[in-house]
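Results of the structural survey
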Amino acid sequence: MKTLDEVLLGRRSVRRYQRQPIEQEKLDYIYEAIRATPTSYNGQQFSVIAVTDPEIKLRLYDIIGQKQVKTSAVFFLFCLDFHQLELAAKAKGVEFPDFQNSLNGYTVGVVDATLAMHSAIVAAESLGLGTCCIGYARTADPALTSEILGLPEKTAIICGLSVGYPAEEPDLKPKRPTQCVVFENRYGSDDALTPVLLDYDREVSEYNRERAGDKTANDWASHILDYHRIEKQKAIEKYMKQQQIDITLK
Ligand SMILES: Cc1cc2nc3c(=O)[nH]c(=O)nc-3n(C[C@H](O)[C@H](O)[C@H](O)COP(=O)(O)O)c2cc1C
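Please read these numbers as outputs of a predicted model, since none were measured by experiment.

1. Quick look at the sheet that holds strand β4 (residues 155-164)
Within a beta sheet, neighbouring strands are joined by backbone hydrogen bonds and run either parallel or antiparallel to one another. What the four strands build is an open sheet, ordered β1-β2-β4-β3; its pairing is antiparallel. Either end of the sheet is taken by a strand with one partner, and the two such strands are β1 (46-51) and β3 (130-134). Pairs of neighbouring strands in the sheet enclose a mean axial angle of 25°, with direction left out of account. Contacting β1, β2 (74-81), β3 and β4, helix α3 (residues 54-64) runs over the sheet at an angle of about 110° to β1.

2. Considerations on the domain arrangement of the protein chain
The parts lose accessible area when they come together, and the size of an interface is often stated as this lost area. When cut into domains, the protein chain gives domain 1 (4-170 + 234-242) and domain 2 (178-210). Using only C-alpha atoms to locate each centre, domain 1 and domain 2 end up separated by 31 Å.

3. With respect to the site of the ligand
Taken together, Arg 12, Ser 13, Arg 15, Gln 66, Cys 132, Cys 133, Ile 134, Gly 135, Tyr 136, Cys 159 and Lys 173 form the complete shell of residues around the ligand. Ranked by residue count, the leading element in the shell around the ligand is β3, at three residues. Among the residues forming the shell around the ligand, the class breakdown is five nonpolar, three polar and three charged.

4. Focus on the environment of Pro 142
Residue position: Pro 142 is located in helix α8 (residues 142-149). Take Pro 142: there are 27 C-beta atoms within 10 Å of it, and that puts it in the buried class. Sequence-wise, Pro 142 and Ser 162 are 20 residues apart; in three dimensions their C-alpha atoms are separated by 17 Å.

5. Overview of the nonpolar core
What tends to happen in soluble globular proteins is that the nonpolar side chains get buried as a cluster. Ranked by size, the top nonpolar core spans 42 residues in total, and within it Phe 76, Phe 78, Cys 79 and Ala 120 carry the most contacts. Among the elements of the structure, α2 (24-35), β1, α3, β2, α6 (103-126), β3 and β4 are those that each provide at least two residues to this core. Ranked by residues supplied to this core, first place goes to α6 with eight residues. Look past the residues within four positions of Ala 120 in its chain and what remains in contact with it is Ile 30, Ala 33, Ile 34, Phe 76 and Leu 161.

6. What about α2?
Residues separated by three or four positions in an α-helix point in the same direction, a consequence of the helix having 3.6 residues per turn. Along its 12 residues, α2 runs 16 Å from first to last C-alpha, staying within 8% of the 16 Å computed at 1.5 Å per residue. Every buried residue belonging to α2 is among Leu 27, Ile 30 and Ile 34, and all of these are buried. Seen end-on, α2 carries its buried residues on one side only, within an arc spanning 60°. Projecting away from the buried face of α2 at angles above 90 degrees are the exposed residues Glu 25, Asp 28, Glu 32 and Arg 35. As for α2, its buried residues are in contact with β1, β2 and α6.

7. Focus: the packing of α2 against α6
Running from N to C, α2 and α6 point in directions that differ by 145°, and their axes come no closer than 8 Å. The two elements α2 and α6 cross, and the hand of that crossing is right-handed. Across from Tyr 29, Ile 30, Ala 33 and Ile 34 in α2, the residues of α6 making contact are Ala 116, Ser 119, Ala 120, Val 122, Ala 123 and Ala 124. Tallied by class, residues from the contact of α2 with α6 come to nine nonpolar, one polar and no charged.

8. Here's the deal with α8
Looking at α8, one finds that the buried residues are Pro 142, Thr 145 and Ser 146. Around the axis of α8, the buried residues are gathered within 100° of arc, so they sit on the same side. Residues of α8 that are buried make contact with α3, α7 (136-139), β4 and α12 (237-242). Of the residues one or two after α8, Gly 150 is the one with positive phi, at around 70°.

Reading the values: the criteria
Residues numbered from 1 in each chain as written. Predicted model: local features only at pLDDT ≥ 70, side-chain atom pairs only at ≥ 80, totals over all residues. Pairing = 2+ DSSP bridges. Helix = DSSP H or I, 4+ residues; strand = E, 2+ residues; numbered from the N terminus. Axes fitted to C-alpha atoms, helices over the stretch in contact; angles between N-to-C directions. Contact = placed C-beta atoms within 7 Å. Domains from an automatic or database assignment. Near = placed C-beta within 6 Å. Nonpolar A, V, L, I, M, F, W, Y, C, P; charged D, E, K, R; others polar. Buried ≥ 20, exposed ≤ 12 C-beta atoms within 10 Å, placed from the backbone. Core = buried A, V, L, I, M, F, W, Y, C linked by C-beta atoms within 7 Å. Expected span 1.5 Å × (residues − 1). Arc of directions from axis to C-beta. Left-handed = near helix turned anticlockwise from the far one by under 90°.

In structure tokens:
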């Protein structure tokens, strides 16, 4: 097992994997870590699909277009899930409040699913496996992906996660300095933040010019804002409505 330092401070996204399956005991350990995730009210408003079937992975790769989907040993899909509570409510004759149709309810599902994904990342990394979150699983035709996975109404894909034995060890990416990330008691002033952010921006440019593997001329801010411009166009409202998650309803 890796040390906590190695898991938390030495983690990097791994996008190339060995052709080696993950042992069932290791998968079981990851599943247990997922089960133990803290969730709002212990309502566990999430579920996970672990795709191990190469044919299904290939179909998902055709949709999602990220090579890790097919080359990973297991491709996980983390979903918000109000379906199981609805099932229990129906069985018990209890009214279902449609909490998922509110920004608060939707956020509860997203947070639960995201924390579950982080549990999986920590567990997998501790076992020496490599991981990479795949947000495109949510934005590249999630309706078709959901159909393939048989996702019922009131569940929705939040994020994918590829897991496998690593075939690369990319350089660690520079992160924002602690003084921009954690504020003790009160948020920092713009005057204090701006020079630190610009220094960080330069550090990212330098890292991208010098890093092992593909080198780029990307900085931090402009590059990420380009992503935001593109991602802003990718609407998931229609998909969410189709899954009976509609935060425009009251
Ligand atoms: C929610 C989320 C979605 C992501 N989606 C993708 C993706 O679709 N494809 C990909 O290659 N990496 C994806 N990543 C990985 C990020 O690019 C990566 O975490 C980031 O560049 C920082 O690098 P590091 O993980 O090595 O620290 C995603 C990460 C997160 C947290």
